[in-house]
Amino acid sequence: MTDLSTDLPTEARAEPAVSELEITGMTCASCATRVEKALAKVPGVMRASVNLATEKATVETDRAVAPDALVAAVKNAGYGAAPLSTDVAELAIGGMTCAACATRVEKALARVPGVAGASVNLATERATVNLRGPASASELDALVAAVQKAGYEATPIVETEAPPAADGTDRARAVVRRELAWVVMSALLTLPLIVPMVAAWLGADVMLPALLQLALASVVQFVFGARFYRAAWKAVRAGAGNMDLLVALGTSAAYGVSVYQMVVHPDDAMHLYFEASAVVITLVRFGKWLEARAKRQTTDAIRALNALRPDRARIRMGSEEREVPLAQVRVGTVVVVRPGERVPVDGAVLEGRTHIDESLITGESLPVPKQPSDPVTAGSINGEGAIAVKTTAIGAETTLARIIRLVETAQAGKAPIQRLVDRVSAVFVPAILVVAAVTLGGWLLAGASAETAILNAVAVLVIACPCALGLATPAAIMAGTGVAARQGVLIKDAEALEIAHRINVVAFDKTGTLTVGQPSVTAFEPAPETSADAALALAAAVQRQSDHPLAKAVVRRWEAAGGGAHEPPLPTAHARAVLGRGVEAEVNGQRIAIGSGVWLDELGVAIPAALAARAAELEHAGQTVSWLFSYDAAASSRPTPAPKSKPQPGAVLALIGFGDTVKPSARAAVAQLRRLGIRSVLITGDNQGSAAAVASHLGIDEVHARVLPDDKARVIGDLKIRTAGIVAMAGDGINDAPALAAADLGIAMATGTDVAMHAAGITLMRGDPLLVAAAIDISRRTWRKIQQNLFWAFVYNLIGIPLAAFGLLNPMLAGAAMAFSSVSVVTNALLLRAWRPRRQA
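Residue positions are counted from 1 within each chain, in the order its sequence is given. It should be noted that, the model being predicted, local features are given only for residues of pLDDT at least 70 and side-chain atom pairs only at 80 or more, the latter also being counted only at that level, while totals for whole chains, interfaces and linings use all residues. Side-chain figures throughout are based on the complete set of non-hydrogen atoms in the structure, without hydrogens or water.

Only DSSP runs of H or I covering at least 4 residues are called helices, and only runs of E covering at least 2 are called strands; the numbering of each starts at the N terminus. Per the secondary structure count, the protein chain includes 28 helices and 30 strands. Partly exposed residues are those whose accessible area sits between 20% and 50% of the maximum for their type, while under 20% is buried and over 50% is exposed, using a 1.4 Å probe and protein chains only. Considering the protein chain as a whole, with its 841 residues, one finds that 49% of them fall into the buried category. Two residues qualify as a contact provided that any one of their heavy atoms is within 4.5 Å of a heavy atom in the partner residue. Here the contacts in the protein chain between residues at least 6 apart in sequence split such that 70% fall between residues at least 24 apart.

Next up on the list: helix 23 (residues 688-698). Of all the positions in helix 23, only S690, A691, V694, A695 and L698 are classed as buried. The buried residues of helix 23 all sit within an arc of 125° when viewed along its axis, so they share a single face. Residues of helix 23 that are buried make contact with strand 25 (650-662), helix 22 (666-675), strand 26 (679-683) and strand 27 (702-704). G699 occupies a position one or two residues after helix 23 and carries a positive phi of about 85°. By construction, the arc corresponds to the directions joining the helix axis to the C-beta atoms.

Moving on to the pattern of salt bridges. Between Lys or Arg on one side and Asp or Glu on the other, a salt bridge is scored when a side-chain nitrogen of the former is within 4 Å of a carboxyl oxygen of the latter. Enumeration over the complete set of coordinates arrives at 21 salt bridges. The salt bridge involving E90 is made with R126; its shortest N-O contact spans 2.9 Å. Of this pair, E90 sits in strand 5 (residues 87-94) while R126 sits in strand 7 (residues 126-131), placing them 36 residues apart in sequence. Here E90 falls in the partly exposed class, since its relative accessible area comes to 21%. Overall, R126 belongs to the partly exposed group, its relative accessible area being 25%. Where E179 meets R285, a salt bridge forms, and the shortest distance between an N and an O atom there is 3.3 Å. With E179 in helix 6 (residues 167-201) and R285 in helix 10 (residues 274-298), this residue pair connects regions lying 106 residues apart in the sequence. A relative accessible area of 4% places R285 in the buried class.

The next subject is unusual backbone geometry. Look at S373: it is not a glycine, yet its phi comes out positive at around 85°. Checked against the element boundaries, S373 lands in the loop between strand 14 (368-370) and strand 15 (375-376). The class for S373 is exposed, based on a relative accessible area of 60%. Of note in the backbone geometry, N588 takes a positive phi value of approximately 55° without being a glycine. Mapping N588 onto the fold places it in the loop between strand 22 (582-587) and strand 23 (590-595).

Here we take up the packing of aromatic side chains. For Phe, Tyr and Trp, where Trp contributes only its six-membered ring, two rings pair if their centres lie within 6.5 Å, and the inter-plane angle classes them as stacked under 30 degrees, edge-to-face over 60, or tilted in between. In the structure shown here, the tally under the stated rule is 7 aromatic pairs. Centroid distance W182 to F224: 5.3 Å. Interplanar angle 80°. Geometry classified as edge-to-face. Within this pair, whereas W182 is found in helix 6, its partner F224 is found in helix 7 (residues 210-224), the two being separated by 42 residues in sequence. Relative accessible area serves as the criterion here: at 30%, W182 is assigned to the partly exposed category. When the ring of F791 is compared with that of W792, the centres are 5.2 Å apart and the planes differ by 75°; the resulting orientation is edge-to-face. Three or more aromatic residues link up through ring pairs in this structure, and these residues are F222, Y229 and Y255.

Take the UniProt feature "transmembrane region" (unreviewed entry) in the protein chain next. If you check UniProt for "transmembrane region" (unreviewed entry), the listed places come out as residues 180-204, 210-229, 241-263, 269-287, 424-446, 452-477, 790-809 and 815-835 in our numbering. This span, residues 210-229, is 95% helix and 0% strand, and a straight line between its end C-alpha atoms measures 24 Å. UniProt positions are given in the numbering used here, feature names are shortened, and annotations may be inferred rather than shown by experiment.

Assignment of secondary structure puts V707 in the loop between strand 27 and helix 24 (709-723). Setting aside chain neighbours within four positions, we find V707 in contact with I683, T684, G685, K712 and V715.

In this section: the sheet that holds strand 6 (residues 115-121). The criterion for strand pairing is that DSSP finds at least two bridges linking the strands in question. An order of 6-7-5-8 is seen for the 4 strands of this open sheet, with the pairing classed as antiparallel. Of all the strands in the sheet, the pair left with one neighbour each is strand 6 and strand 8 (153-156). Shown here is a sheet whose adjacent strand axes are inclined to one another by a mean of 25°, direction ignored. The pairing of strand 5 with strand 7 spans 6 bridges and is antiparallel. Across the sheet, D87 pairs through a bridge with L131, a residue of strand 7. To get an axis, fit a line to the C-alpha atoms, keeping to the stretch in contact for a helix; angles then go from 0 to 180 degrees between the N-to-C directions. Sitting on the sheet, helix 5 (residues 137-149) is in contact with strand 5, strand 6, strand 7 and strand 8, with an inclination near 35° to strand 5.

Viewed as axis vectors pointing N to C, helix 15 (residues 450-463) and helix 27 (residues 770-805) meet at an angle of 165°, and their least axial separation amounts to 8 Å. With respect to their mutual orientation, helix 15 and helix 27 come out roughly antiparallel. The two elements helix 15 and helix 27 cross, and the hand of that crossing is right-handed. Within the contact between the two elements, helix 15 uses N456, A459, V460 and I463 and helix 27 uses Y796, N797, G800, I801, A804 and A805. Residue polarity is assigned by list, with Asp, Glu, Lys and Arg as charged and Ala, Val, Leu, Ile, Met, Phe, Trp, Tyr, Cys and Pro as nonpolar; anything else, Gly included, falls into the polar class. The residue makeup of the contact of helix 15 with helix 27, split by class, is 7 nonpolar, 3 polar and no charged. With respect to orientation, any angle under 35 degrees is reported as roughly parallel, any angle over 145 as roughly antiparallel, any angle of 65 to 115 as roughly perpendicular, and every other angle as oblique. Crossings are sorted by hand: turned counterclockwise from the far helix by less than a right angle, the near helix makes the crossing left-handed, and turned clockwise it makes it right-handed.

Look at helix 22 against helix 27: their axes get within 7 Å of each other, and the N-to-C directions meet at 25°. Accordingly, the angle class assigned to the pair helix 22 and helix 27 is roughly parallel. Residue-level inspection shows A668, A669, Q672 and L673 of helix 22 in contact with helix 27, the latter providing L770, A773 and I776. The residue makeup of the contact of helix 22 with helix 27, split by class, is 6 nonpolar, 1 polar and no charged.

The structure is reproduced here in C-alpha cells:
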C-alpha cells in the first residue's frame, strides 16, 4: 500500500518501542499463549510474541511502557519474568583457537551477575553480551575479568561516531604477516629434520646427528610451539580443554619419546621422532595462518563499507567554504561536495545537479540522477557536478552507519543450528583425550612397542580438530551476509537467514513494492479529429501550476514527449480548481478543463462513443479516468456547476487514464520466485479490478484485494495455516508493518518507512522486486554452505580419528589433515563471495 505516514499523527508514525523479557515456568504451547494474552492486556502494548523454545517474550509498545508493568502482568498470569537485554556490550576476545574456546568464554560470561545471555563468534573473535541493565564501567570490568579468569583476553569495544581508524585493519594485516614469518622460520628449522626421512625413501642415508636433531626440534617445540603451551595451560587452569591442549600433549609426547630414545639408545638416531613433533607444530601454525588470512576475507564487506566513510567534510559558512573534521558537522549544516568526492553525510540536495554512484550501498550499478530536494547518502560518490547538501543525519545515524551495524549484528549472530555444534564442542576435547588414552592402552595390550602406541595416540590427539566445527557456521554466515550487503540485501540476523532458505510463499504489497507508488499517465487518447500533441500541450498547460499528483503525472508525460524542450508551454490565465470536479484555465482565449465524467455530465458535454467504451475498459481495470475538454467560458462563472444544466457548447478533446505503473523488474521477480519453487500472493487495499490487472500482468498466483492494513496480518496468518508453509511478506509502507511482523519473515524496501524496516528480518536497499528473489537465493546458498561445512567437519573427525587410532595415520599426516580441515571450511564459505543476484533480462 501507499505510505500513509504523512497523513497520520506523529504518535502513529513513531517507531514502536521493543522490550524483551525472560519468561520462566512455561511448560507447553498453551503457557506461551497465556503469557502473550497477559502481555497484550497491558495498556500501550501493540503486540506480544512468546517463544517457548527460548523462553523469551518480545513486546512492542506504542509508547514507553515500564518493564515493571510487563513483568507484573506475566507474574499475575502465574509465570516468572525478568527484563532482558536492556543493553548490549561487545568485547574483542583474544586467545581463542577452536569452538571449545568460544563455548568456554560464553559460559564464563553467562555466569557474571546481570548478564542475560552471551554469544561468542569464533570467526570475528567477538563476544556480544546481553545485559539486564545499562552497561556501566564496573560491569564491563567484571566481564573482562571473567574472560581473563577463563584463560583468554578481552577488551571492550566502544562505538564512536567517528569513522573507524585504519589502524584496526593495519593491525590485522600485521598479525597475519607476523604469523607468516613465524611459519617460515619454523619451516626452515623443520626442513633438515624431514630431509633424512625423504632421503631414506630414496635409498640414501643422510641422517643428522642426534644432538643436532634435538637442537632443531627443541627450538621448534618450545619457541614456535610456545603459543600452544600457553593456551593449553590457561585451559587446564580453567578446568577445560581446547585444541591447543591436544596439540601440546601430542607434540610433547612425540618429543619426549625421542628424548627418551636418545638417552637410552644414544647411537641409534633411526628411532628418533623429532621430525614428527616439529612438522606437526609447523603445519598447525601454517594452517592457523591460512585460516586467519581466509577469515579476514570474510569480513571484506564490513571493511569495504567502513572505507566509504570520509573523515572530513567541506562546509559552507556564509560565502566561504571550510574543510573540517566530520565530527564537527551538525544536522542542518550545508556541505559542499565536489565532483569525484564521497558524500560525507546523509542529506538533501540544496543546489546543483549531478549523478551519484550509490553502488556500494544499494548494489545499483548505474549512477542515480540528483537534483534539488533529492536525498543523498553518506558514502556515495558524486559524479560530474558540484552540489550543496543540507545535512539531515550524521555519524551513527546515517544510512551507511545503520547498514554497517546491521551487517555486524548479522555476522556476530548464531544460527539456531549452531546450538548443536556448541553442544558437541563442549564435550569434544575430553572425549578425544579418552580416545587417545584408549588408543595408547589398546596398542600396548596388543603387544605393540611403547613408541608405536604413543605415536598412534599422538596422531589421535593431533588430527582431532574442533576448529572446523567452530568455523563451519560463522564463516558461511559472514561470507553470505557480507556479499548480500554489497548487493543491496541486508539480512538482520542469522535466524532470518535460516528462515529465508525455507520460504515457499511470498506475499507482496502492491503500491510501492510491485508498482512505482506514484500515478502516471497510462493512456492518453485524443478524440477523433484532434491532434494528440496539441491535446497533450493543452492538458499540460492547465495542470502546470498544480501540485496534485495527477497534475504532475500529466506534466511529466508532456515533458517526456518533448514538451518544453522543443516548444514553450502554452500561456494560461484564470486557472482555478473546481471542487470535486477538476481544474480549468483559459488557454489562448479558450476555456480548457480537465475533470471527471460527472463534470462532463453536469455541463452536458457529449463523450464520443469510442472514447466512452475505452473509458469503461480502463475503469474496469482499476484505473482513474479524466477528460480533457473545452466549453463555453460563460459556464464557469458559477462557483460550481449546477447539476444537469442545459447543454453548453463544448467538446471532449482527449481521454486521460491514470494508474500506478508496475516496476520494470516486477514481472521478472515473480518469474524468478516461480523458478525457485515459491508461490506469490498479492495483498493490497486497492480495488479488485486494479489488483487483478496487476496480478494477471505479473503472473501472480493469488490475489487479496480491498484488504485493510489491520487485516493484512490476518491474511498472512490464514496463508500460514492454509499452505502449512513458511510465508514471507514484502512491503514498504507503515501500514505493512503488522503484516511484516506476522509473517515468518518480513522483507522491507528501504525506499519505504523506518517502521516497515524495523518489523522486517531482511531489508532491501533499493526498491527492486528482483531483490526479493535474490535475498531468498543467497539465503539458500548460504544455508547449503553451512550444511556442507558441518557435514565435512563431522565426517572429517568421524573418519580421521579411527584411522589415527588404528595406526593408519602418522602424526605428520594427521597434522597436515588437521590444518587442511579448518582452511577448507573457510575456503568453501568464501566461494559465496562470487554470488551475484540475477538481473532483469
